[in-house]
Amino acid sequence: MSIDEVLRAQDFRVTRARTLVWQVLDEAQSHLSAADILQRVHDHDESINSSSVYRALSLFSELELVRETRQGELSTWEPAHDDAVIHLRCELCDTTIHFDAPTVNNLRKQVGNITNFTPTSIDVRISGVCQSCSSAT
Ligand SMILES: [Zn+2]
Ligand SMILES: [Zn+2]
């Protein structure tokens, strides 16, 4: 389903800002800050204002189409994906790499078995130095 169909199916209007924000997130397949998203939206259409972009992001969050990650003051967005992914974040260039790991689902089981706590969402993040940064030094 395209984003237009998803929005229409839930009775939301399809606007140029919504379509473009989605297109930018979908193309990047990585974590973008609001400023990155705004800039990329402007590469397609200068006339879209920042508040339309922010509103589109909060609507997508509400509809659980995007995943928001907070890093201190800064949030980044990406298309929603399965929990079973570990985020590897480079401290030098701020790139986020997705690492598919069955560990996350094992962790979910262990938490459930050992503590009786039912995890609804798991967000594992590892900070470090990516390959291109470590080979640059
Ligand atoms: Zn790096
Ligand atoms: Zn992610």
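Residues numbered from 1 in each chain as written. Chains lettered and ligands numbered in written order. Predicted model: local features only at pLDDT ≥ 70, side-chain atom pairs only at ≥ 80, totals over all residues.

A few words now on the overall build of the chain. Regarding its fold elements, the chain presents six helices and six strands. Along the chain direction, N to C, the helices and strands of the chain fall in the order α-α-β-α-α-β-β-β-β-α-β-α. With respect to the principal axes defined by its C-alpha atoms, the chain has extents near 50 × 45 × 25 Å. Split into buried and exposed, the 137 residues of the chain put 15% on the buried side. (Helix = DSSP H or I, 4+ residues; strand = E, 2+ residues; numbered from the N terminus. Buried ≥ 20, exposed ≤ 12 C-beta atoms within 10 Å, placed from the backbone.)

With 17 residues, the main nonpolar core has V21, L25, I37, V53 and L57 as its most contacted residues. Contributing elements (two or more residues each) for this core: helix 1 (3–9), helix 2 (16–28), helix 3 (34–44) and helix 4 (50–62). Ranked by residues supplied to this core, first place goes to helix 2 with six residues. Contact partners of I37, with chain neighbours within four places excluded, come to V21, V24, L32, V53 and W77. (Core = buried A, V, L, I, M, F, W, Y, C linked by C-beta atoms within 7 Å. Contact = placed C-beta atoms within 7 Å.)

For the rest of this paragraph, the subject is the environment of W77. Among the structural elements, W77 can be located in strand 3 (residues 74–79). A count of 23 C-beta atoms within 10 Å places W77 in the buried class. Considered as a pair, W77 and S61 are 16 residues apart in the sequence and their alpha carbons are 9.0 Å apart. In contact with W77, other than residues within four places in its own chain, are L25, L32, I37, L57, V66 and E68.

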